[in-house]
Amino acid sequence: MSTGPSRWMKIGEFLLRRLEEAGVGHLFGVPGDFNLELLQQLEDTGRLRWVGNCSELNASYAADGYARLNGLAAFTVTNAVGAMSAINGIAGAYAEHVPVICICGSIPLRSIERGLGMHHTMGDGTWDRFLGAFAQVTAAHARLTPYNAVTEIDRLILTAWREKLPVYMELPSDIAYLDIEVPDVPLVLAQPPSDPERLRSCAAAIAARLAAATSPAILVDQDASRYGAAAEIMELAAKLQIPVAVTGPAKAVIDETFPYYAGVYNGKASEPSTIRAVEGGDCLLSVAYRPIDGTSGDFTASLPADTICARGHSVDVGEDNYQAVTLKEVLRSVIDAVPQVTSRPARLPAAGPAAATYADGSARLTQAAYWQRLQAYLRPGDVLFTDNGTSYAIFGFRLPQDCTVVASVIWGSIGYSVGALLGTLTAAPQRRHLLFVGDGSFQVTAQELSTMLRHDCKPVIFLINNGGYTIERGYLGKTETYNDIATWAYAELPEVFQPDTTAQSFVVKTVADLEKALSAPNDTLVFIEAVMDPHDAPAAVIRSSNKGADLDYGPRGPQHRDGVQLRPAI
Ligand SMILES: Cc1ncc(C[n+]2csc(CCOP(=O)(O)OP(=O)(O)O)c2C)c(N)n1
Ligand SMILES: [Mg+2]
């Protein structure tokens, strides 16, 4: 126990208090007998607002979406049955670097100490298996006890926030109401300050390289957003007058109207001007670039030798590795150390896509017309979601100012977007939220639409009904039934989920239908089901699927047979 002032509090109430102090205003999850006591404490104390989900998988996605906009999130599940449903979302939060706290109301300490077989376990008196499973997909995990609760609660919350990774906490159901002595001082979320000498030499080394180069550039990956460093990156780029490209996972982290914005980098699959900026310069500052297939153009990326790598808590410059330096402080010191450059004024940003013109509004809606029209629908400040599928087309959007893109490019679990949408709607209800999702992805987590209606959320949902998994048809099975799905009456779901709903639904089959739907006022939830051909897809998506098949199946795979792959129209 620390020596400062203290008071007595129940363990569950202390946990809720710490979450609130850490800026978490809502708790997602699904009740069960092992966490009901914590939910009662939430009700009784009025700390945190409860947002119940249809499933623990959805709860994990909702928490992930909430954390992306709020900086931290928490959700609660019950022992094993809830936790194991949520583990996909927690692993995804790990891959995507999202600080989510999974609180598992677990079997009582009494049962653990006596080896009693309990429901929601393997029935064999064991109790560590699920803790062990979560150890594989979190930055930290612990089972709370009355004697470790004070230190472990703070450790887990701080670890999640500092490392931008999920953590797992078991709260045995018989300890939430026990009184323990807890500190009076609030929990403060802060990164540990950098080692002063390391910070100075690191910033000096980076500044020297950037100043000596003739055509430096910056490549930004998603940690720039997680560590809140976008403003510093733009300030540095403006001071040095150098281009800044982003990876797909970092789409919109750098304002796309910023004069030095250089596009989305994805190896040789990028625009030529983006490739020139990133690969053609003589000094590249990478902010936590993670090369995977989807950020390296299937490993065709070729970054300049000696690329500087700045991460959340460490930096590589040439042979030197700097520890105990934090990203924002490094960037701030580099900004202060470099001279203002005036010799490389930004070129005017490229003109946006041409305004859509449609000869015939009654023609069947195509993917090309759809995405072209939707580009014009975007507004500054929008939160855009995409799931895996042809809706990846949003990566080709030219975004207005202050937009946020929420996607799971690395983990890529279909259905993520629907659950995560509930989370961002909860975190930022004042913003407009647009979901771009395919029918296949939607079917995985569709029930969470009912939670959005229940809480009077007002997203605009753009669902492509193309009878199945079109993006997969570009890998294999262009016409196979394994890529088909059941046909739902998607646009009727708002009414099914909320019989007296005021939500507006549209089924659009032509450009004219789409125009009409887009003019609907957004004072309620708007659901737009666009019916399109299963073999219609944006060329970039098809090309990437075709390439993916070669990587996945190798030269002896089935993908080269005639007619087994959806291919781009030539
Ligand atoms: C949990 C999970 N299961 C399976 C997949 C494989 N997968 C990736 S995209 C996709 C199909 C998506 O289809 P849809 O949402 O309808 O998008 P479309 O390409 O048809 O627009 C599938 C099944 C996955 N990514 N995640
Ligand atoms: Mg589909």
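Whatever comes next refers back to the structure up there.
Predicted model, so just to flag it, every value in this text is computed and none were measured. (Residues numbered from 1 in each chain as written. Chains lettered and ligands numbered in written order. Predicted model: local features only at pLDDT ≥ 70, side-chain atom pairs only at ≥ 80, totals over all residues. Heavy atoms only, no water.)

(A) Expanded view of helix 1 (residues 11–21). For helix 1, a buried count of 8 out of 11 residues is recorded, marking the element as mostly surrounded by other parts of the structure. Where helix 1 is concerned, the buried positions are Ile11, Gly12, Phe14, Leu15, Leu16, Arg17, Arg18 and Leu19. (Buried < 20%, exposed > 50% of the residue type's maximum accessible area, 1.4 Å probe, protein only. Helix = DSSP H or I, 4+ residues; strand = E, 2+ residues; numbered from the N terminus.)

(B) Summary view of the packing of aromatic side chains. In total, this model carries 15 aromatic pairs according to the counting rule given. Among the aromatic residues, those joined into a ring-pair cluster are Tyr370, Trp371, Tyr377, Phe397, Phe436 and Phe462. Over the face of the ring belonging to Trp161 we find Lys164, whose NZ or CZ atom lies 3.9 Å from the ring centre. Above the face of the Tyr377 ring, Arg432 is positioned so that its terminal group lies 4.4 Å from the ring centre. (Phe/Tyr/Trp six-rings, centres within 6.5 Å; stacked < 30°, edge-to-face > 60°. Lys NZ or Arg CZ within 6 Å of the ring centre and 35° of its normal.)

(C) Up close: the pairing of strand 6 (residues 140–143). Pairing between strand 6 and strand 7 (residues 167–172): 4 bridges, direction parallel. The partner of Arg143 across the bridge, within strand 7, is Glu170. Since strand 6 and strand 7 lie parallel, the crossover through helix 7 (residues 149–163) that links them has a hand, and here it is right-handed. (Pairing = 2+ DSSP bridges. Right-handed = clockwise from strand over helix to strand, strands pointing away.)

(D) A look at the side chain of Ser106. Locating Ser106 in the fold gives a position in strand 5 (residues 100–106). A relative accessible area of 1% means that Ser106 is categorised as buried. Beyond its immediate stretch of four places on either side in the chain, Ser106 contacts Phe34, Asn79, Glu170, Leu171, Pro172 and Ser173. (Contact = heavy atoms within 4.5 Å.)

(E) Geometry of the site of ligand 1. Around ligand 1, the surrounding shell holds 16 residues, and the nearest of these are Thr390, Asp439, Gly440, Ser441 and Gly468. Within the backbone of Gly440, one N or O atom sits 2.8 Å away from an oxygen atom of ligand 1. The separation between an oxygen atom of ligand 1 and a polar main-chain atom of Gly468 is 2.7 Å. Isolated, ligand 1 exposes 600 Å² of accessible area, and the fraction of that covered by the protein chains is 79%. Looking at the shell around ligand 1 residue by residue, the classes come out as 3 nonpolar, 11 polar and 2 charged. (Near = heavy atom within 4 Å. Polar contact = N/O pair within 3.5 Å; in protein donor to acceptor, adjacent residues only side chain to side chain. Areas by Shrake-Rupley, 256 points an atom, 1.4 Å probe, with all protein chains shown as cover. Nonpolar A, V, L, I, M, F, W, Y, C, P; charged D, E, K, R; others polar.)

(F) Spotlight on the coordination of the magnesium ion (ligand 2). The coordination sphere of the magnesium ion (ligand 2), as far as protein atoms go, consists of Asp439 (OD), Asn466 (OD1) and Gly468 (O), spread over 2.0 to 2.1 Å. Read in sequence order, the donor residues coordinating the magnesium ion (ligand 2) give the pattern D-x26-N-x1-G. For the pair formed by Asn466 and Gly468, the shared burial category is buried. (Donors = N, O, S within 2.8 Å, 3.2 Å for Na, K, Ca; no water.)

(G) Summary view of the nonpolar core. Counting residues in hydrophobic clusters, the biggest one holds 54 residues, and the most contacted among them are Phe75, Phe442, Leu449, Met452 and Phe527. For this core, the leading source of residues is helix 3 (residues 56–70), giving 7 residues. Non-local contacts of Phe442, meaning those with residues more than four positions away in its chain, are made with Val418, Val437, Leu449, Leu463, Trp488, Tyr490, Leu493 and Phe527. (Core = buried A, V, L, I, M, F, W, Y, C linked by side-chain atoms within 4.5 Å.)

(H) The sheet that holds strand 19 (residues 460–465), seen in detail. Taking strand neighbours across the sheet as the criterion, the 6 strands line up as 17-16-18-19-21-20 in an open arrangement whose pairing is parallel. Among the strands making up the open sheet, the edge pair consists of strand 17 (404–406) and strand 20 (504–508). Direction aside, neighbouring strands of the sheet carry axes that sit 15° apart on average. Note: strand 19 against strand 21 (residues 526–531), 6 bridges, orientation parallel. For Ile464, the partnering residue across the bridge sits in strand 21 and is Ala530. Sheet contacts for helix 13 (residues 367–375): strand 18 (433–438), strand 19 and strand 21; angle to strand 19, the most-contacted strand, approximately 170°. Along the sheet, helix 14 (residues 416–427) contacts strand 16 (383–386), strand 17, strand 18 and strand 19; its crossing angle with strand 18, the most-contacted strand, is approximately 170°. (Axes fitted to C-alpha atoms, helices over the stretch in contact; angles between N-to-C directions.)

(I) Up close: the sheet that holds strand 3 (residues 49–52). The parallel open sheet is built from 6 strands, whose spatial order is 3-2-4-5-7-6. Both outer strands of the open sheet, strand 3 and strand 6, are each paired with one neighbouring strand and no more. Shown here is a sheet whose adjacent strand axes are inclined to one another by a mean of 20°, direction ignored. Pairing of strand 4 (residues 73–78) with strand 5 involves 6 bridges; the strand directions are parallel. The residue of strand 5 that forms the bridge with Thr78 is Gly105.

(J) Up close: the side chain of Ser55. Tracing the backbone through its elements, the reader meets Ser55 in the loop between strand 3 and helix 3. Among the residues examined, Ser55 registers a relative accessible area of 17% and is labelled buried. Polar contacts involving the side chain of Ser55 include one to the main-chain amide nitrogen of Asn58, which spans 3.1 Å.

(K) The pattern of salt bridges, seen in detail. Under the counting rule described, the total for this entry stands at 24 salt bridges. A salt bridge links Arg7 to Asp184; the shortest N-O distance between them is 2.6 Å. A residue pair is termed long-range when its members are at least 10 positions apart, and Arg7 in strand 1 (residues 6–10) and Asp184 in the loop between strand 8 (179–183) and helix 8 (196–212) qualify at 177 residues. Looking at Arg7, the relative accessible area reads 34%, which means it is partly exposed. You can call Asp184 partly exposed: its relative accessible area is 30%. Of the charged contacts in the structure, one is a salt bridge between Arg17 and Glu21, with a shortest N-O distance of 2.8 Å. On the criterion of helical spacing, the pair formed by Arg17 and Glu21 is a turn pair, its members being 4 residues apart in helix 1. A relative accessible area of 2% places Arg17 in the buried class. You can call Glu21 partly exposed: its relative accessible area is 28%. (Salt bridge = Lys/Arg side-chain N within 4 Å of Asp/Glu carboxyl O.)

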